[in-house]
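# Survey of secondary and tertiary structure
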Amino acid sequence: MHFYPRGNVFYRRLTKPFPRIVLGEGCWLEDADGKRYLDACGGAFVACLGHGNTEIAAAMAEQAGRIAYVNGTAFTTDPVEQLAGELAKTLPGDLDHLYFLSSGSEAVEAALKLARQYWAECGLPAKRKILALSAAYHGNTLLALSASAREHYKTYVRDWMVDVIRVPVPCFRCACRGDDPTCATCTGNALEAAIERAGPDTVAAFIAEPVGGSSTGAAVPRAEYFRTVREICDRHQVLFIADEVLCGAGRTGTWWAIEPFGVAPDLMTVGKGIAAGYAPLSAVAAPRRIIDVLAQGAGSLFHAQTFSFHPVACAAGLATVRTLRAHGLVQRCAELGAAFHRKLAGLAALPNVGAVRGRGLLAGIEFVEDTKLGTPLPRALRFAETFTEQALAVGLVVWPNVGHVDGTQGDLVMLAPPFIVTEVELDEIVSRFATALDWTLAAVSAGVR
Ligand SMILES: Cc1ncc(COP(=O)(O)O)c(C=O)c1O
């Protein structure tokens, strides 16, 4: 077995060669051999403005030429303050203060630590437990990974994890199949039972994605779900953290995926699309009422990182948010999203497609063995991985996920094209998807893994 690439880099996947990408333009990537790929997932749900946007590049260059880096514990800069101001205008409820970091995992770590520090500063230090959904991904650093239900990611570090209490995930492979209006999982009432079992005096926070990311293939909870969550969290003094790292920043057709649920969280984590991939940028959004408690207590948040509040990353974020607004791209995402889901609906009739779901320009397509029963495919087939490779061969970039059924079984792929995608490109995504599925079925029956 070869170790790729043969230079001085080691990537996460060590035994597969990667195409060498030399150019990006709109929704397209081009490799060193001139092969073009339709980027149907913006990398990892990131490139919402597409590739090669010269306005964002210019804003970053301008900021780098002026001042590229100062430490966020000693100085402030214009792009940091301006981006916070722009994002605050879009955020729900009373979320109006932002703490900038680089990755989604860092934002989740910071939000969970902030929740615990908040309760300690409130004189309630016993409130330290975290609740999260039974199918969830919140990042790969140790606390964020603890909150994630990704068993295979924990293989070598399980004894380093902290305990996180699982709440059944709504509207995703639930036994009620969405039909039971009283289902505790899908209405949100299961959260109350979990908090009561844990002891409300010991629970700090419940973290959940308003629209599921790769863990549930873009499952959308019922309309009342987060209203119930909000009421339960208020009743038991539990902070509700909405993780919008993947589903936020316009992706689902509203600035924030929580908006259609008509409630606001206490804390929100954002990342991925907020700088459109031009710089690594994430943030924790918090309201004054929470920050004030820390200000009057310890006087600082007990979390710091070298690259927090990075001026060039924030300049990229500022240019991204302004571009989204100037070109009405969140609205476009809603409109095109409706067309996208109409086009994708046809895929449901293809072999082994168990579900097609999502909102806006976020979609998940689940592969199953038996489409009536939803039985997962044998994991040994490596269906999602094979599909992703076949898709790459037909020039389509998708995002795979495995293990969502029970931690091991389950195959799905996600689509999240840039907001500038055209209807013609959406048709091309659907057509290449169908070809990739044909090729996958052929590869699987030929025993190719
Ligand atoms: C919902 C959610 N939260 C957090 C993260 C972690 O973000 P990052 O990979 O930037 O650390 C991810 C990454 O996919 C995510 O989907």
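Let us look at the structure shown here.

### Brief notes about the overall build of the protein chain
Assigned secondary structure in the protein chain consists of 13 helices and 15 strands. Expected size for 449 residues packed as a compact globule is a radius of gyration near 22 Å; at 22 Å, the protein chain falls within 12% of this value. Buried positions account for 55% of the 449 residues belonging to the protein chain. Counting only contacts in the protein chain whose residues sit at least 6 apart along the sequence, the fraction spanning at least 24 positions is 71%. Put simply, the protein chain has 41 plus and 45 minus side-chain charges, and the middle of one group is 3 Å from the middle of the other.

### Points about the layout of surface pockets
One water molecule sets the probe size; rolling that probe over the atoms shows where empty space is left. If you add up the space inside the second largest pocket, you get close to 530 Å³. For the second largest pocket, the lining is made up of 25 residues, of which His-97, Leu-98, Tyr-99, Ile-291 and Phe-309 are closest to its centre. Those elements that provide at least two residues to the lining of the second largest pocket are α3 (78–90), β4 (95–101), β10 (282–287) and α9 (288–296). Here the lining of the second largest pocket gets 5 residues from one element, more than from any other, and that element is β4. Residue classes in the lining of the second largest pocket are distributed as 16 nonpolar, 7 polar and 2 charged.

### Some points on the side chain of Arg-230
With respect to the helices and strands, Arg-230 occurs in helix α8 (residues 225–235). A polar contact is formed between the side chain of Arg-230 and the backbone oxygen of Ala-264, at a distance of 2.9 Å.

### Some thoughts on helix α4 (residues 104–121)
It helps to recall that an α-helix has 3.6 residues per turn; residues three or four apart then point in one direction. Here α4 is 18 residues long and its end C-alpha atoms lie 25 Å apart, about the 26 Å a rise of 1.5 Å per residue gives. Counting buried residues along α4, 14 of its 18 residues qualify, which places the element largely inside the surrounding structure. The positive-phi residue at the C-terminal boundary of α4 is Gly-123, with phi of around 85 degrees.

### Considering helix α2 (residues 54–66)
Between the first and last C-alpha of α2 there are 18 Å, a value that for 13 residues agrees with the 18 Å anticipated at 1.5 Å per step. Taken as a whole, α2 has its buried residues at Ile-56, Met-60 and Gln-63. Here the buried residues of α2 occupy an arc of 65 degrees about the axis, which is enough to place them on one side. Those residues of α2 that are exposed and angled more than 90 degrees off the buried face are Thr-54, Glu-55, Ala-61, Gly-65 and Arg-66. Among the structural elements, α3 and α10 (311–326) are those in contact with the buried residues of α2. For α2, the side-chain oxygen to backbone nitrogen distance between the N-cap and Glu-55 is 2.9 Å, and the N-cap itself is Asn-53.

### Structural notes on the packing of aromatic side chains
As enumerated under the stated definition, the model contains 16 aromatic pairs in all. Residues Tyr-137 and Tyr-153 carry aromatic rings whose centres are separated by 5.7 Å and whose planes lie at 80 degrees to one another, so their mutual orientation is edge-to-face. In this pair, Tyr-137 is assigned in the loop between β5 (129–133) and α5 (142–147) and Tyr-153 in the loop between α5 and β6 (164–167), connecting sequence segments 16 residues apart. Take Tyr-153: its relative accessible area is 24%, and that puts it in the partly exposed class. With a centroid separation of 4.9 Å and 75 degrees between ring planes, the pair formed by Phe-226 and Phe-261 is classed as edge-to-face. Of the two residues, Phe-226 is situated in helix α8 and Phe-261 in the loop between β8 (239–244) and β9 (267–270); the sequence distance between them amounts to 35 residues. Like Phe-226, the residue Phe-261 is buried in the burial classification. Here the aromatic residues Phe-206, Tyr-225, Phe-226, Phe-240 and Phe-261 are joined through ring pairs into a cluster of three or more. One cation-aromatic arrangement involves Lys-127 over Trp-119; the distance from NZ or CZ to the ring centre is 5.0 Å. Over the ring of Tyr-153 we find Arg-150; its NZ or CZ atom is 5.4 Å from the centre of that ring.

### Quick look at the site of the ligand
Within the structure, the ligand sits among Ser-103, Gly-104, Ser-105, Tyr-137, His-138, Gly-139, Glu-209, Asp-243, Val-245, Leu-246 and Lys-272. Here a nitrogen atom of the ligand sits 2.7 Å away from a polar atom, N or O, in the side chain of Asp-243. Contact distances for the ligand include 3.0 Å between an oxygen atom and a side-chain N or O atom of Lys-272. Residue composition of the shell around the ligand, grouped by class: 3 nonpolar, 5 polar and 3 charged.

Rules and cut-offs
Residues numbered from 1 in each chain as written. Predicted model: local features only at pLDDT ≥ 70, side-chain atom pairs only at ≥ 80, totals over all residues. Heavy atoms only, no water. Helix = DSSP H or I, 4+ residues; strand = E, 2+ residues; numbered from the N terminus. Rg over C-alpha atoms; globule rule 2.2 N^0.38 Å. Buried < 20%, exposed > 50% of the residue type's maximum accessible area, 1.4 Å probe, protein only. Contact = heavy atoms within 4.5 Å. Lys, Arg positive; Asp, Glu negative; His and termini not counted. Charge placed at Lys NZ, Arg CZ, Asp CG, Glu CD. 1 Å grid on protein atoms, 1.4 Å probe; cavity = no way out; pocket = protein on both sides within 12 Å on 5 of 7 lines; lining within 4 Å. Points joined across faces, edges and corners; volume = space filled by probe spheres on them. Nonpolar A, V, L, I, M, F, W, Y, C, P; charged D, E, K, R; others polar. Polar contact = N/O pair within 3.5 Å; in protein donor to acceptor, adjacent residues only side chain to side chain. Expected span 1.5 Å × (residues − 1). Arc of directions from axis to C-beta. Phe/Tyr/Trp six-rings, centres within 6.5 Å; stacked < 30°, edge-to-face > 60°. Lys NZ or Arg CZ within 6 Å of the ring centre and 35° of its normal. Near = heavy atom within 4 Å.

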